[in-house]
Amino acid sequence: MNQVSEILGDKGRDVLKIDADASVLEAVRQMVEANIGSLLVTDGDEIAGIVTERDYLRRVTLEGRTEDSPVREIMTSPLIVVTPETPIDECMALMTDRRIRHVPVVDGGEVVCLVSIGDVVKFKSKQQSFEIQYLTDYITAS
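First things first, this report covers the structure right here in the doc. (Residues numbered from 1 in each chain as written. Predicted model: local features only at pLDDT ≥ 70, side-chain atom pairs only at ≥ 80, totals over all residues. Heavy atoms only, no water.)

1. Looking at the nonpolar core
Part 1 of the argument: If you look at the biggest cluster of nonpolar residues, it comprises 15 residues, and the most contacted ones within it are Ile18, Ala27, Leu39, Val41, Val51 and Val71.
Part 2 of the argument: Every element with two or more residues in this core is listed here: helix 2 (24–34), strand 2 (38–43), strand 3 (46–52) and helix 3 (53–62).
Part 3 of the argument: Of all the elements, helix 2 adds the most residues to this core, at three residues.
Part 4 of the argument: Residues within four places of valine 51 in sequence aside, it is in contact with Ile18, Ala27, Met31, Gly37, Ser38, Leu39, Val41, Val71 and Ile74.
Part 5 of the argument: Residues Ile88, Met95, Val115 and Val120 belong to the second largest nonpolar core, which totals 14 residues. (Core = buried A, V, L, I, M, F, W, Y, C linked by side-chain atoms within 4.5 Å. Buried < 20%, exposed > 50% of the residue type's maximum accessible area, 1.4 Å probe, protein only. Helix = DSSP H or I, 4+ residues; strand = E, 2+ residues; numbered from the N terminus. Contact = heavy atoms within 4.5 Å.)

Structure follows, in structure tokens:
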């Protein structure tokens, strides 16, 4: 059974973070510059939550906060996490059921990566293409 660790091999282990006291505008700027949809939020040395594009839309745009508001006011907390040993199908089901697009991967109490639903779908698509090719080769070799 495939595990989240297989996605980490392709994706790398960069985790972008922002301080909980930083402005919402700074978080948006950082996400746009990195072309990503979420940042982990830190409070001192601790991970306090996650801020996403959806958090901005809901908690700033709709609730009338300003872009000067601190990230801590709009972040999602507590985090829903997986481990490198989590089966990919379980990770996908968790993300679908909870309606989340990004999930931190925690190994030994430390966040080692953020996995997006796009990463999971890309992995599953590659896996299915390989299986189809294998079956096609098997059938035509007979």
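Read on for the rest.
2. Things to note about the sheet that holds strand 3
Part 1 of the argument: One open sheet accounts for three strands, arranged 1-2-3; its pairing is mixed. On the outer flanks of this sheet lie strand 1 (17–19) and strand 3, each paired with one strand and no other. Across this sheet, the average inter-strand angle for adjacent strands is 35°, counted without regard to direction. (Pairing = 2+ DSSP bridges. Axes fitted to C-alpha atoms, helices over the stretch in contact; angles between N-to-C directions.)

3. Brief notes about the pattern of salt bridges
Part 1 of the argument: On inspection of all chains with the given rule, the structure shows seven salt bridges.
Part 2 of the argument: As a salt-bridge pair, arginine 72 and aspartate 21 come within 3.0 Å of each other at their nearest N and O atoms. Of this pair, arginine 72 sits in the loop between helix 3 and helix 4 (88–98) while aspartate 21 sits in the loop between strand 1 and helix 2, and the two are 51 residues apart along the sequence.
Part 3 of the argument: By relative accessible area, which is 35% here, arginine 72 ends up partly exposed.
Part 4 of the argument: Here aspartate 21 falls in the exposed class, since its relative accessible area comes to 53%.
Part 5 of the argument: Among the ionic pairs, arginine 29 bridges to glutamate 26, the shortest N-O distance being 3.6 Å. (Salt bridge = Lys/Arg side-chain N within 4 Å of Asp/Glu carboxyl O.)

4. What about the pairing of strand 4 (residues 102–107)?
Part 1 of the argument: Direction of pairing for strand 4 relative to strand 5 (residues 110–116): antiparallel, over a ladder of six bridges. Each residue of the ladder has a partner; that of valine 103, found in strand 5, is valine 115.
Part 2 of the argument: Counting the residues between successive antiparallel strands, the hairpin from strand 4 to strand 5 contains two residues, one of them, glycine 108, with a positive phi of roughly 65°.

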